[in-house]
Amino acid sequence: MSGEKRIPTGIAGLDRVIEGGVRDNTTFLVVGSSGTGKSTFAMQYLNYGLEHGENGLYISMEEPPEQIMREAKMLGFNLDKYYEKELFFFHSKGKDFVKLVDEQLPALVEANRNYSVKTRVIIDPLTPLIWAIQDKQEQREIITKLFYTLKQLGPVLITTEEHSSPGETVGEDVLIPIYMSDGAVHLTYRPIGGAFNRALEIIKMRATRHGEEVYPYIFVRGVGVVVRTTPLVSAEDMRKYDDVFDKAIRTAADLGAGERMLERLVYVKENWSYPFSPKETLQIFFESQGLNDAVTRQDLARRKEEEASSPEVPLDIGELSGGTLQIENAELIQDDELSFSDSNDEGLIEIDSLSELEELLQ
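What counts and how
- Residues numbered from 1 in each chain as written.
- Predicted model: local features only at pLDDT ≥ 70, side-chain atom pairs only at ≥ 80, totals over all residues.
- Heavy atoms only, no water.
- 1 Å grid on protein atoms, 1.4 Å probe; cavity = no way out; pocket = protein on both sides within 12 Å on 5 of 7 lines; lining within 4 Å.
- Points joined across faces, edges and corners; volume = space filled by probe spheres on them.
- Nonpolar A, V, L, I, M, F, W, Y, C, P; charged D, E, K, R; others polar.
- Buried < 20%, exposed > 50% of the residue type's maximum accessible area, 1.4 Å probe, protein only.
- Helix = DSSP H or I, 4+ residues; strand = E, 2+ residues; numbered from the N terminus.
- Pairing = 2+ DSSP bridges.
- Contact = heavy atoms within 4.5 Å.
- Phe/Tyr/Trp six-rings, centres within 6.5 Å; stacked < 30°, edge-to-face > 60°.
- Lys NZ or Arg CZ within 6 Å of the ring centre and 35° of its normal.
- Core = buried A, V, L, I, M, F, W, Y, C linked by side-chain atoms within 4.5 Å.
- Salt bridge = Lys/Arg side-chain N within 4 Å of Asp/Glu carboxyl O.
- Polar contact = N/O pair within 3.5 Å; in protein donor to acceptor, adjacent residues only side chain to side chain.
- Arc of directions from axis to C-beta.

**Focus on empty space enclosed by the protein**
Now for step 1: All chains considered together, the criterion is met by 1 cavity of 30 Å³ or more.
Now for step 2: As for the largest cavity, its lining consists of Arg6, Val22, Arg23, Thr26, Thr27, Phe28, Asp182, Gly183, Met205, Arg206 and Thr208.
Now for step 3: Per-class residue counts for the lining of the largest cavity are 3 nonpolar, 4 polar and 4 charged.

**Here's the deal with the pairing of strand S1 (residues 27-32)**
Now for step 1: The buried fraction of S1 amounts to 6 of the 6 residues, a majority that puts the element mostly inside the structure.
Now for step 2: Pairing analysis gives 6 bridges linking S1 to strand S5 (residues 156-161), with the strands arranged parallel. Bridge assignment links Phe28 to a residue of S5, and that residue is Leu157.
Now for step 3: Judged from the 5 bridges that link them, S1 and strand S6 (residues 183-189) form a sheet pairing that is parallel. Bridge pairing links Val30 to Val185 in S6.

**Things to note about the environment of Met69**
Now for step 1: Position of Met69 among the secondary structure elements: in helix H2 (residues 65-75).
Now for step 2: Remark: the alpha-carbon pair of Met69 and Met43, spanning 26 residues in sequence, is separated by 8.9 Å.
Now for step 3: Not counting chain neighbours up to four residues away, the residues in contact with Met69 comprise Leu79, Asp80, Tyr83 and Phe89.

**With respect to the packing of aromatic side chains**
Now for step 1: Enumeration according to the criterion identifies 6 aromatic pairs in this entry.
Now for step 2: Look at Tyr217 and Phe219: their rings are 5.8 Å apart centre to centre, the planes differ by 85°, and that puts the pair in the edge-to-face class.
Now for step 3: For Tyr217, a relative accessible area of 1% corresponds to the buried category.
Now for step 4: Taking the centre distance of 5.9 Å and the plane angle of 65° together, the rings of Phe245 and Trp272 count as edge-to-face. In this pair, Phe245 is assigned in helix H7 (residues 242-254) and Trp272 in the loop between helix H8 (259-271) and helix H9 (279-288), connecting sequence segments 27 residues apart.
Now for step 5: The exposure class of Trp272 is buried, given its relative accessible area of 10%.
Now for step 6: Among the aromatic residues, those joined into a cluster by ring pairs are Phe41, Tyr217 and Phe219.
Now for step 7: Taking NZ or CZ as reference, Arg120 lies 4.5 Å from the ring centre of Tyr45, over its face.

**As for the nonpolar core**
Now for step 1: If you look at the biggest cluster of nonpolar residues, it comprises 36 residues, and the most contacted ones within it are Leu14, Phe28, Phe41, Tyr58, Leu87, Leu200 and Val227.
Now for step 2: If you list the elements that add at least two residues to this core, you get S1, helix H1 (38-51), H2, strand S3 (87-91), S6, strand S7 (198-205), strand S8 (214-220) and strand S9 (224-227).
Now for step 3: Residue contributions to this core peak at 6 residues, all from H1.
Now for step 4: Grouped together as the second largest cluster of nonpolar side chains are 31 residues, Phe97, Leu100, Leu126 and Met180 included.

**Remarks on the pattern of salt bridges**
Two side chains of opposite charge can pair, provided their charged atoms sit close to one another.
Now for step 1: Going through the model one piece at a time under the given rule, you end up with 12 salt bridges.
Now for step 2: A salt bridge links Glu161 to Lys38, with the shortest nitrogen-to-oxygen separation between them at 3.2 Å. Pair noted here: Glu161 is in strand S5 and Lys38 is in helix H1, with a separation of 123 residues, a long-range link.
Now for step 3: For Lys38, a relative accessible area of 9% corresponds to the buried category.
Now for step 4: Note that Asp182 is salt-bridged to Arg206, the shortest N-O span being 3.1 Å. Within this pair, whereas Asp182 is found in the loop between helix H6 (175-180) and S6, its partner Arg206 is found in the loop between S7 and S8, the two being separated by 24 residues in sequence.
Now for step 5: According to the relative accessible area criterion, Asp182 is buried, its value standing at 10%.
Now for step 6: Each of Lys151, Asp182 and Arg206 takes part in a single network of salt bridges with overlapping partners.

**Quick look at the side chain of Arg23**
Now for step 1: Tracing the backbone shows Arg23 in the segment before S1.
Now for step 2: Polar side-chain contacts of Arg23 include one of 3.4 Å to the backbone oxygen of Arg206.
Now for step 3: Ignoring anything within four residues of it in the chain, the contact list for Arg23 reads Glu4, Arg6, Pro155, Arg206 and Ala207.

**Considering H9**
Now for step 1: Taken together, the buried positions of H9 are Leu282, Phe285 and Phe286. Angularly, the buried residues of H9 cover 100° about the axis, an arc narrow enough to put them on a single face. Counted as exposed and oriented over 90 degrees from the buried face of H9: Glu280, Ile284 and Ser288.
Now for step 2: Contacts from the buried residues of H9 go to H7 and H8.
Now for step 3: Just downstream of H9, Gly290 is the residue with a positive phi angle, here 80°.

Don't take any of this as a statement about function, it's just geometry.
Printed below as a string of structure tokens:
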């Protein structure tokens, strides 16, 4: 697992499969169609931060603060007690949002530099901005500036309405914010009955080992979103494959691997969280680094002796010209046997003109 400190999202079950939470100063995008619960994700994420001593900034492009806090209370989140103390709102619409990005938010970031308390930021939703700016290049520039500015305050969660066409995995209208974000999850809703008819899938999570399944989730009043997940690897299985890695590291050292490669193998060992053996992965990695069964111990011993005696001597191509390659015990023709000479022209037909060739063919 990564040693970087993680900030819990507060989304029950989700942190299990993203190494304990999000990284600081990153953007986390929640994408989904209407009815998937994007705003519930946002409120739960915000409420967790407020309850754990963080500040909150809620940027709304649709609903006013009073309506947001009223809906949060119905879910069991009492945001009222933090209002205008630890929790602040920006309510902006359409093109007015550009002024917010260019002027108000940079001023807020500058004013917040002297405070050590982290601010958990919500943008719910980003969709009106996407619709207000049709030009893709301008849209990308605004979103880039917005994300860059807000990440200086703390971890940012953004919701985006999706309108995908049949057959699309993710709607084309959300590709730019997905590309610009550090992490993104996709929420889907299939009204086919049963308790778990909503599902979450992790699209991306930079510098994070994350789950790759489709995870059902439900809404529980007083708790919020509950994602049905299991940890990527249980505590008892964390060191299950240590012997495999230790043997691989010793083998790599015997095969003449450099210090950098050995360090990488140790790092893989410390961060391996898959439920299956790493044997095949290690074998493929060894082959990609030129360490496999074709390299014999005698070859390695000779190579080390040569490096010790003349480490700075460049390779002499002339030494290879008379060499013989071995492929499955079959000897290849040496270079000098492939050359043509005047004294060895038996069997060759001399043709002086094109007409002679035509007569010959006839």
